[in-house]
Amino acid sequence: MRKLLIVCVWLVCSCACFGQAQAIEELSLNLEKLAQMKMMLNNMYSGYANLVNGYGKIIGVSKSNFDLHDDFLNQLFEVHAPVRNDPRIETVLSNYLLIGMESGKAYSAFVKSMLFTSSELIGIQNSLNVLKSAGNSKLDELQKVLTPGMLRMSDAERISAIDRIDHDVGVLLEQERKLVSEKQALLAARADRKKRIEVLKVLNGIK
């Protein structure tokens, strides 16, 4: 009986020790898992922090680039001194005024001469109006080039535009003068013919 009791006590103690050892082992595993999870969490936090920091830098660089780009584009809306002081601007304005003045004066002389038919005068007027209209378009274009905020252009582009407008208006003036010169020559020929006819009438006693 005593031996049986000893055996039972030994079995109980063995089971208790085994259970305790198993519990300790499980606790150790749990602690190891917890340490691993903590390390993973730290890595995730570190990665997230780097991502946020990198994104912030990207946003900063992008905004800086956008601001520089925006400033550059806004500069293109401005008209600087080299453009405003281009001497060809005065030439364009002068030639534009000459087109209007010379064509108006010549047309008035053609009407007063009474040596052109109504249809001829209408044709002359239409041709001169086409030239003046083209001059108006060029003047509007020049105004846009010289008005801040109207066109997004560099100084070089504005100066190039002024050069082109100056050339175009110069051509229009040449065309106007050529047209007027041709009609004045025709007017002179008709006036001379009319005068010779009148002289012949006088000499022949024709009224």
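First, a word on what this report is: a plain description of the structure on this page. (Residues numbered from 1 in each chain as written. Predicted model: local features only at pLDDT ≥ 70, side-chain atom pairs only at ≥ 80, totals over all residues. Heavy atoms only, no water.)

This next bit is on the overall build of the protein chain. In terms of regular secondary structure, the protein chain is built from five helices and zero strands. Looking at the protein chain as a whole, 18% of its 207 residues are labelled buried. Taking all contacts inside the protein chain whose residues are at least 6 apart in sequence as the whole, residues at least 24 apart take part in 81%. (Helix = DSSP H or I, 4+ residues; strand = E, 2+ residues; numbered from the N terminus. Buried < 20%, exposed > 50% of the residue type's maximum accessible area, 1.4 Å probe, protein only. Contact = heavy atoms within 4.5 Å.)

Take the nonpolar core next. Counting 15 residues, the largest nonpolar core has Val-92, Ile-99, Leu-142, Ile-162, Ile-165 and Val-169 as its most contacted members. Elements with a minimum of two residues in this core: α3 (88–113), α4 (118–146) and α5 (155–203). Ranked by residue count, the leading element in this core is α5, at six residues. When near neighbours in sequence (up to four residues on either side) are disregarded, Leu-142 contacts Ile-89, Val-92, Leu-93, Ile-162 and Ile-165. In this structure, Ala-106, Leu-115, Leu-128 and Leu-187 belong to the second largest nonpolar core, which totals eleven residues. (Core = buried A, V, L, I, M, F, W, Y, C linked by side-chain atoms within 4.5 Å.)

On to the pattern of salt bridges. In this structure the tally under the stated criterion is eight salt bridges. Note that Asp-86 is salt-bridged to Arg-88, the shortest N-O span being 2.7 Å. By relative accessible area, Arg-88 is classed as partly exposed at 23%. In this structure, the salt-bridge partner of Arg-177 is Glu-102, at a minimum N-O distance of 2.9 Å. Here Arg-177, found in helix α5, pairs with Glu-102, found in helix α3; they are 75 residues apart in sequence, far enough to count as distant. Taking relative accessible area as the criterion, Glu-102 reaches 24% and is therefore assigned partly exposed. Connected via shared salt-bridge partners are Lys-138, Glu-141, Arg-164 and Asp-168. (Salt bridge = Lys/Arg side-chain N within 4 Å of Asp/Glu carboxyl O.)

With that settled, the discussion passes to the environment of Glu-174. If you trace the backbone, Glu-174 turns up in helix α5. Looking at Glu-174, the relative accessible area reads 57%, which means it is exposed. Distance from Glu-174 to Asn-95, taken between C-alpha atoms, is 9.6 Å for residues 79 residues apart in sequence.

This brings us to the packing of α4 against α5. Viewed as axis vectors pointing N to C, α4 and α5 meet at an angle of 165°, and their least axial separation amounts to 10 Å. In this view, α4 runs roughly antiparallel relative to α5, as classed from their interaxial angle. Here α4 runs over α5; the crossing is left-handed. When grouped by side-chain class, the residues that make up the contact of α4 with α5 number 14 nonpolar, three polar and ten charged. (Axes fitted to C-alpha atoms, helices over the stretch in contact; angles between N-to-C directions. Parallel < 35°, antiparallel > 145°, perpendicular 65-115°, else oblique. Left-handed = near helix turned anticlockwise from the far one by under 90°. Nonpolar A, V, L, I, M, F, W, Y, C, P; charged D, E, K, R; others polar.)

This part takes up the packing of α3 against α4. For any two helices packed against each other, one specifies the crossing angle of their axes together with the interaxial distance. Contact pair α3 / α4: the axes reach a minimum separation of 10 Å and the direction vectors enclose 165°. Classified by the angle between their axes, α3 and α4 sit roughly antiparallel to one another. With respect to the hand of their crossing, α3 and α4 are arranged in left-handed fashion. For the pair formed by α3 and α4, the contact residues are Ile-89, Val-92, Leu-93, Tyr-96, Ile-99, Gly-100, Ser-103, Tyr-107, Phe-110 and Val-111 on the first element and Leu-121, Ile-124, Gln-125, Leu-128, Lys-132, Gly-135, Asn-136, Leu-139, Leu-142 and Leu-146 on the second. Taken together, the residues that form the contact of α3 with α4 break down as 14 nonpolar, five polar and one charged.

Here we take up α5. At 3.6 residues per turn, the α-helix brings residues three or four places apart onto the same side. Here α5 spans 71 Å end to end across 49 residues, near enough to the 72 Å set by a 1.5 Å rise per residue. Taken from the residues just after α5, Gly-205 is the one with a positive phi, measuring 65°. (Expected span 1.5 Å × (residues − 1).)

This part takes up the environment of Glu-157. If you trace the backbone, Glu-157 turns up in helix α5. As a C-alpha pair, Glu-157 and Val-83 span 74 residues in sequence and 9.7 Å in three-dimensional space. Among the polar contacts listed, one links the side chain of Glu-157 to the backbone nitrogen of Ser-154, at a separation of 2.9 Å. (Polar contact = N/O pair within 3.5 Å; in protein donor to acceptor, adjacent residues only side chain to side chain.)

That is the geometry; function is a separate question.
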